[in-house]
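Below are the chains, spelled out letter by letter.
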Protein chains: 2
Amino acid sequence: MLVIAVDAMGGDNAPESVIAGVKLVQKENPDVFYLLYGDEKKILPLTKKYRLDESMFKIYHTEAVVSMDEKPSVALRTGRESSLWKAIYAVRSGEAQAVISAGNTGALMAMSKICFGMIANVDRPAIAVVMPTLKEDCVALDLGANAECNASNLVDFAIMGHVFYQILYKKEHPSIGLLNIGSEESKGRDEIKEAANTLKKLGNRFNYHGFVEGNDIGIGTVNVYVSDGFSGNVSLKSIEGTSKLIMGILKRAFKSSVLAKIGLLFALPALKKIKKTVDTRRYNGAMMLGLNSLCVKAHGNSDPFGFSCALRRTIDLVRHNLCDEIRRHMEEVVFEMEARDEEEASQKRHSLLKE
Amino acid sequence: MLVIAVDAMGGDNAPESVIAGVKLVQKENPDVFYLLYGDEKKILPLTKKYRLDESMFKIYHTEAVVSMDEKPSVALRTGRESSLWKAIYAVRSGEAQAVISAGNTGALMAMSKICFGMIANVDRPAIAVVMPTLKEDCVALDLGANAECNASNLVDFAIMGHVFYQILYKKEHPSIGLLNIGSEESKGRDEIKEAANTLKKLGNRFNYHGFVEGNDIGIGTVNVYVSDGFSGNVSLKSIEGTSKLIMGILKRAFKSSVLAKIGLLFALPALKKIKKTVDTRRYNGAMMLGLNSLCVKAHGNSDPFGFSCALRRTIDLVRHNLCDEIRRHMEEVVFEMEARDEEEASQKRHSLLKE
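Bear in mind the structure is a predicted one, so any value in this text is a computation, not a measurement. (Residues numbered from 1 in each chain as written. Chains lettered and ligands numbered in written order. Predicted model: local features only at pLDDT ≥ 70, side-chain atom pairs only at ≥ 80, totals over all residues. Heavy atoms only, no water.)

1. Considering unusual backbone geometry
Inclusion rule: Helix numbers and strand numbers start at the N terminus; a helix is a DSSP run of H or I with at least 4 residues, a strand a run of E with at least 2. Each residue's exposure class comes from its accessible area (1.4 Å probe, protein chains only) as a fraction of the maximum for that residue type: buried when under 20%, exposed when over 50%, partly exposed otherwise.
Residue Asp142(A) is bonded to the preceding Leu141(A) through a cis peptide linkage, with omega at -5°. With respect to the helices and strands, Asp142(A) occurs in the loop between strand 6 (138–141) and helix 6 (151–169). With a phi angle near 50°, Arg51(B) is a residue other than glycine that sits in the positive phi range. For Arg51(B), a relative accessible area of 67% puts it in the exposed group. Of note, Lys170(B) is a non-glycine position whose phi angle comes to about 50°, a positive value. Within the secondary structure, Lys170(B) is located in the loop between helix 6 (151–169) and strand 7 (175–179).

See below:
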C-alpha cells in the first residue's frame, strides 16, 4: 500500500478541489491511502460529498494554515501546527511516502528541505515540471529553486531529470539538452560549458544531446531541458505569457465579426480537442527533486482535475521509487567519476615512473 | 539628407529581398540616400526591376561576402573587403549615419564594435528588439550580446531602452521593468537588486516600475524589459518557440476535420487580420545599442517586407538621433550620480566636523 500525505488546506480552492481531486485518482489507484491534513469540519463533509472510499483515507485535524503569501522564513518559525508542516512531517516520520500541496510554494520548499534533507551527492534541489511540445511532452528543470548554479549543480539536475523522465515516460535513454544562448560549443556561460564537458564524459550512461535554446522547448528537440533556476523560470514564464498573449489575440479575432463567430462554431469541436492537448492543468505538479523524499507542489489555483493530474504523477513517481533511483544514479556517477580520476592519476604516475 | 549604408549581400534572400525592401520605404522617406554594398552585377538589375529612385542610391561594388556561419573572429581578420565591412566602414568614415545588414550577426556586432567604439559611460553594448504584447508593443534588451552582466550594465541598458522606446513610440516616460524570477524585492540575483536600487534613486528621471517576470512580457506590464543577455535570449527564444508550438497545434486542429475546415473558411478574414498584428516581420530589426553609431541587424531570413520594417525603424532612430540621445542621457545620469555622491560625502564631512 502506498501512503500520500495531502495538505488539504493549501491552494486557492482548498479544501474542496483537493478532496475532489483525490476522488478523481482513487478508482485507478485502489491501493493508495491518503492522509488528509486540515480542518476536519470542512474536510469530512467533502469526503462524503465526493464519496471518497472511507477505508482509504484518514483525516488529521489541524487548525493552523500557512497563508499563500506568508514568507517562508516566517512559516518555518511559526507554522509547525499547520496542515502543511504536519503533512510534510508525516513523510519524515515514515507514515507517508510523498507529500503534495497546492499551498505556499516557498514554505513547502523550505519545510521539505529541512524535514527530508538532500540526497547524498546532490548539493541543491531543483524544481522540475512537465511541458508540452510539438512532439512529445518534455521535462524541464530547474524552474526557480536556484537563482545561480555551478557546473556541478547543472550535472546533478541533468541526472535527476534523466531519472524523472525515465520513470514518467518509460524511455530508457531520454535525450538531455543544456539550455544556452546558442548551439555552438563556444557559446554561453562557463559553468554551462563545464557541465557540457562532464555530461559528454558520461556519454555511456546519459544521452547528452548538446546545447539547446529557448525555442527548442516548443519544438521538442530533447526530452530533458536543464538550466539554472533563473533562466528556467524566465523561460517557463515567458512561455506562459506567450500562450496567454496568443490565446487572447485569438479570442479577440473570433469575436471580431459575425463571420468569425460562425467559423468558430464550426471549428469548435476541433478546437476543443486541441484545448485538451494544451490544457495546462494536465501539466500541473512541480516536483522538488534532490530531496530524500518526494515533495510535489500543485498549482495554487488548481481545480479538481488539475490537482488530480499532479497527484497522479506523484503516485506514479512514488510507485517507481523516484528518490531511490536518483540516489542510485548519483552514486554510480560519482563512482564512475572517481574511478576515471583514479585511472587518469595512475596513468600519470605510470608515465612519470617510465621517464 | 540621411544616408544609410546597406549590406546588400547579407541574409538568406539577399540581395533581392534587400533591394525590394529598400524600395518599400523609399516613397515615404524621399530624403534618404542608400549606399548599397555588394556585387554590382547582381544589385544593378534588381534596382531596375524594383524601380529604385536612381538619384537616391549608389552601388559600391564588393566581391567578398561574409558567410552566415563564418566565425566573427575569422570575419574580422579576413573580411575587410566584404560588403559587410565596407558598409560598416562607411558609417565610421562619416559617409553614412547608420548601417543595416541581414547577414552574419556575430560578425556585424564584432565589426561595428571595433569601427564605432562605445558611447562614453557605457561599458557594454546591448541588443534591443521590439515585441508585441496584449497591450502595446514593448522593447526588450539585452537579447544576447552579454551572457553575464553586472548591476551597472543593467542600469545602462535601462537608460538605453528608455531612450529607444521614447523615440520609437513618442512617450515621454516609458515604464521600465527589470526581469527577475519574482516581483518581491528580496527575490533574484544580487546584481539585479543592486540595479533596482540605482534605478529607484534615479526615479525623478526614469519611470522605474520594479521587478517583472517572464509572463509580464506577453501581458505588456511595462514598456521596457531589461535583463542580462542570457535570460533575455532564453526568454525571446522561448516566446518564439511557444508561438510556433501554438500555431502548429492550431494548424493541425483546423485540418483535423471537414467541419473545422469549413470553420476556418468563415474565420479566415478575422484570422488574417490578427496575423497582421502578430506578424513577426513587423518586429524585424535588432538594434545594437551603446555604440557611437547605429547598427541594425535584420533577420537572416528577411523577406522584402521584413527588411523594410527593420529599415524603417533604422531611419526613424537616425532621424531622432538615437545615439546622441543615449549619450546625453548617460552624461546626465553620471553627472547626477556624481553630484549625489559628492553631496553625501560633503554631508559626512559636515557631520564629522560638527562632532
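2. Describing helix 1 (residues 16–26) of chain B
Residues and elements named next belong to chain B. Selection rule: A contact between two residues is defined here by any heavy atoms of the two lying within 4.5 Å.
Counted residue by residue, helix 1 has 8 buried out of 11 residues, so it is predominantly covered. Three or more residues of helix 1 are buried, namely Ser17, Val18, Ile19, Ala20, Gly21, Val22, Val25 and Gln26. Packing partners of the buried residues in helix 1 comprise strand 1 (2–7), strand 2 (32–38), helix 2 (40–49) and helix 11 (304–319).

3. Considerations on a nonpolar patch on the surface
Spelled out, the test is: Patch construction takes residues with relative accessible area above 30% that form no salt bridge. Like charges are linked within 9 Å, and nonpolar side chains (Val, Leu, Ile, Met, Phe, Trp, Tyr) are linked within 5 Å. Computed by Shrake-Rupley with a 1.4 Å probe, the accessible areas treat only the displayed protein chains as cover when residues are assessed. For this document, the term salt bridge refers to a Lys or Arg side-chain nitrogen within 4 Å of an Asp or Glu carboxyl oxygen.
On the surface, a nonpolar cluster with roughly 250 Å² of combined accessible area is contributed by Val258(A), Leu259(A) and Ile262(A). Locating Val258(A) in the fold gives a position in helix 10 (residues 258–277).

4. A closer look at the relation of the copies chain A and chain B
This is how the line gets drawn: All copies are superposed by least squares; the fitting set is the C-alpha atoms of residues with a pLDDT of at least 70 in both.
Mapping chain A onto chain B calls for a screw motion: a turn of 180° about the axis and a shift of 0.0 Å along it, with 0.1 Å RMSD after fitting. Read as a symmetry element, the transformation amounts to a two-fold axis. Taking C-alpha positions as the reference, the residue of chain A nearest the rotation axis is Gly263(A), at 1.8 Å. In this assembly the copies share their binding face: 100% of the residues contributing to the interface of chain A also contribute to that of chain B.

5. Digging into the pattern of salt bridges
Evaluated as defined, the whole model comprises 37 salt bridges over all chains. Between Asp31(B) and Arg319(B) there is a salt bridge, and its shortest N-O distance comes to 2.7 Å. Taken together, the residues span a long stretch of sequence, with Asp31(B) in the loop between helix 1 and strand 2 and Arg319(B) in helix 11 at a distance of 288 residues. Asp31(B) gets classed as partly exposed once you look at its relative accessible area, which sits at 30%. For Asp316(B), the salt bridge is made with Lys170(B), and the minimal N-O distance between the two is 3.8 Å. Within this pair, whereas Asp316(B) is found in helix 11, its partner Lys170(B) is found in the loop between helix 6 and strand 7, the two being separated by 146 residues in sequence. The exposure class of Asp316(B) is partly exposed, given its relative accessible area of 21%. Among the charged side chains, a network of salt bridges with common partners joins Arg205(A), Glu325(A), Arg328(A), Glu332(A), Glu336(A) and Arg340(A).

6. So, the confidence of the model for chain A
A low pLDDT means the predicted coordinates there should not be read in detail. What counts here: As a per-residue measure, pLDDT tells how confident the predictor is, with possible values from 0 to 100.
Mean pLDDT over chain A stands at 93; residues scoring 70 or higher make up 100%. In the predicted assembly, ipTM is 0.87 and pTM is 0.90.

7. Quick look at a negative patch on the surface
Residues and elements named next belong to chain A. Note the threshold: By the counting scheme adopted, Arg and Lys are positive, Glu and Asp are negative, and His together with the chain ends is not counted. A charged residue contributes its charge at one atom only: NZ of Lys, CZ of Arg, CG of Asp or CD of Glu.
On the surface, Glu338, Asp341, Glu343 and Glu344 cluster together into a negatively charged patch. Here Glu344 is to be found in helix 12 (residues 322–354). A residue is classified by how much of its surface remains accessible, and Glu344, at 42% relative accessible area, is partly exposed.

8. With respect to the packing of aromatic side chains
Residues and elements named next belong to chain A. Stated precisely, the cut-off is as follows: Paired rings are identified among Phe, Tyr and Trp, the last through its six-membered ring, by centres lying within 6.5 Å, and are further divided according to the angle between planes into stacked (under 30 degrees), edge-to-face (over 60) and tilted (the rest). Put simply, a charge is over a ring when the Lys NZ or the Arg CZ is close to the ring centre, within 6 Å, and near the line of the ring normal, within 35 degrees.
Enumeration according to the criterion identifies 7 aromatic pairs over all chains in this entry. Ring centres of Tyr37 and Tyr60 lie 5.0 Å apart, and the angle between their planes is 10°; on these two criteria the pair is classed as stacked. Of the two residues, Tyr37 sits in strand 2 (residues 32–38) while Tyr60 sits in strand 3 (residues 57–61), which places them 23 residues apart along the sequence. Residue classification places Tyr37 among the buried residues on the basis of a relative accessible area of 4%. Taking the relative accessible area as the measure of exposure, Tyr60 reaches 26% and is therefore partly exposed. Above the face of the Trp85 ring, Arg80 is positioned so that its terminal group lies 4.1 Å from the ring centre.

9. Some thoughts on the side chain of Asp279(B)
As for its placement among the helices and strands, Asp279(B) is situated in the loop between helix 10 (258–277) and strand 10 (286–289). Classification of Asp279(B) by relative accessible area gives buried; the value is 16%.

10. Describing the interface of chain A and chain B
How we decide: A quick way to say it: buried area is the sum, across both parts, of accessible area lost when two parts are put together, with a 1.4 Å probe. Two N or O atoms form a polar contact when they lie within 3.5 Å of each other; inside protein one atom must be a possible hydrogen donor and the other a possible acceptor, and for residues adjacent in sequence the pair counts only when both atoms belong to side chains.
Every contact between the two is made by 52 residues of chain A and, on the other side, 52 residues of chain B. Summing the contributions of chain A and of chain B, the shared interface buries around 4700 Å²; its carbon and sulfur component is 74%. Per-residue buried area on chain A facing chain B is highest for Ile181(A), Arg189(A) and Phe230(A); these three make up 15% of the total on that side. At the boundary of chain A and chain B, one finds 4 salt bridges. Lys237(B) serves as the salt-bridge partner of Glu213(A), at 2.1 Å between the closest nitrogen and oxygen. If you look at where chain A meets chain B, you find 12 residue pairs in polar contact (both at pLDDT 80 or more). Listing elements by their share of the side of chain A that touches chain B, those giving two or more residues are helix 8 (214–219), helix 9 (229–255) and helix 10 of chain A.

11. A closer look at a positive patch on the surface
Residues and elements named next belong to chain A. A contiguous patch of positive charge on the surface is contributed by Lys251, Lys255, Lys261, Lys272 and Lys275. Looking at the positive patch, the elements that each hand over two or more residues are helix 9 and helix 10. Per-element accounting of the positive patch gives the leading share, 3 residues, to helix 10. Mapping Lys251 onto the fold places it in helix 9.

12. Brief notes about the side chain of Ser112(A)
Residues and elements named next belong to chain A. In this fold, Ser112 is placed in helix 5 (residues 105–116). Residue classification places Ser112 among the buried residues on the basis of a relative accessible area of 0%. A distance of 2.6 Å separates the side chain of Ser112 from the backbone oxygen of Leu108, its partner in a polar contact. In this view, Ser112 contacts Ile88, Gly117, Leu291 and Cys295; residues no more than four positions away in its chain are not counted.

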